[in-house]
Amino acid sequence: QVELVESGGGTVQAGASLRLSCAALGYGFSTYVMGWFRQAPGKERELVLAITSGGSTGSSDSVKGRFTGSRDNAKNLAFLQMNSLKPEDTARYYCAAMPYHRRDYYDPSSYDYWGQGTQVTVSS
């Protein structure tokens, strides 16, 4: 069982940066793929970026070159660094944990544990 808690959201102007953190409580953090998802009102939840246990990342085309992910397995933390934010990045952001043997990073149902989310609002 893993409990995830996100922090770091807020309201910023376009072009600004934010760093989201995800703290994991429980065992086995290093064995999970960590995913960052976002969901805007009226839209489906979408994968922003996934981080493997070894720290490799893959991101959606919409955030490539602007968002990066990292993790600290010793401290049970995952991060999403968001630069050059745009109004279309406005959404609630969630971190999620997926068992390492699953392969569909983009499917939310592949993830067993979710945080409560943190709101990111980008004004123009």
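Just above, that's the structure.
So, here's what we can say about the structure. (Residues numbered from 1 in each chain as written. Predicted model: local features only at pLDDT ≥ 70, side-chain atom pairs only at ≥ 80, totals over all residues. Heavy atoms only, no water.)

## Details of the packing of aromatic side chains
Line of reasoning, step 1. Under the definition given, this model contains five aromatic pairs.
Line of reasoning, step 2. Each ring, one from tyrosine 32 and one from tyrosine 113, has its centre 5.9 Å from the other, and the planes form 80 degrees; the classification is edge-to-face. Of this pair, tyrosine 32 sits in strand S4 (residues 32-39) while tyrosine 113 sits in strand S10 (residues 113-114); the two residues are 81 residues apart in sequence, bridging distant segments of the chain.
Line of reasoning, step 3. The buried category is assigned to tyrosine 113, whose relative accessible area is 17%.
Line of reasoning, step 4. A ring pair is formed by phenylalanine 37 and tyrosine 111, whose centres lie 4.9 Å apart and whose planes are at 85 degrees; its orientation type is edge-to-face. Taken as a pair, phenylalanine 37 in strand S4 and tyrosine 111 in the loop between strand S9 (91-99) and S10 lie far apart in primary sequence, 74 residues in all.
Line of reasoning, step 5. Assessed through its relative accessible area of 4%, tyrosine 111 is described here as buried.
Line of reasoning, step 6. Taken together, the aromatic side chains of Phe37, Tyr94, Tyr111 and Trp114 make up a single cluster linked through ring pairs.
Line of reasoning, step 7. Note that arginine 19 overlies the ring of phenylalanine 79, its terminal NZ or CZ placed 4.0 Å from the centroid.
Line of reasoning, step 8. Stacked on the ring of phenylalanine 29, the Lys or Arg arginine 71 has its end atom at 4.6 Å from the ring centre. (Phe/Tyr/Trp six-rings, centres within 6.5 Å; stacked < 30°, edge-to-face > 60°. Helix = DSSP H or I, 4+ residues; strand = E, 2+ residues; numbered from the N terminus. Buried < 20%, exposed > 50% of the residue type's maximum accessible area, 1.4 Å probe, protein only. Lys NZ or Arg CZ within 6 Å of the ring centre and 35° of its normal.)

## Let's talk about the pairing of S4
Line of reasoning, step 1. Here S4 lies mainly inside the structure; seven of its eight residues are buried.
Line of reasoning, step 2. Pairing analysis gives eight bridges linking S4 to S9, with the strands arranged antiparallel. Within S9, the position partnered with glycine 35 by the bridge is alanine 96.
Line of reasoning, step 3. Taken together, the five bridges between S4 and strand S5 (residues 46-51) define a ladder with antiparallel strand orientation. By the bridge assignment, methionine 34 is partnered in S5 with isoleucine 51.
Line of reasoning, step 4. Where S4 folds back on S5, the antiparallel hairpin that results is connected by six residues, among which glycine 42 adopts a positive phi of roughly 80 degrees. (Pairing = 2+ DSSP bridges.)

## Observations regarding the nonpolar core
Line of reasoning, step 1. In terms of nonpolar packing, the biggest core is built from 28 residues, with Leu4, Trp36, Leu80, Met82 and Tyr93 touching the most fellow members.
Line of reasoning, step 2. Only strand S1 (2-7), strand S3 (18-26), S4, S5, strand S8 (77-82), S9 and strand S11 (118-123) provide two or more residues apiece to this core.
Line of reasoning, step 3. Leave out the neighbours within four places in its chain, and leucine 4 touches Cys22, Ala23, Ala24, Met34, Cys95, Ala96, Ala97, Tyr113, Trp114, Gly115 and Gln116. (Core = buried A, V, L, I, M, F, W, Y, C linked by side-chain atoms within 4.5 Å. Contact = heavy atoms within 4.5 Å.)

## A word on the sheet that holds S8
Line of reasoning, step 1. Pairing is antiparallel across the open sheet formed by four strands, whose spatial order is S1-S3-S8-S7. Two strands in the sheet have a free side with no partner beyond their single neighbour: S1 and strand S7 (67-72). Within this sheet the neighbouring strands show an average axis-to-axis angle of 15 degrees, counted without direction.
Line of reasoning, step 2. In the sheet, S1 pairs with S3 via six bridges, with the strands oriented antiparallel. Bridging across to S3, valine 2 finds its partner in glycine 26. (Axes fitted to C-alpha atoms, helices over the stretch in contact; angles between N-to-C directions.)

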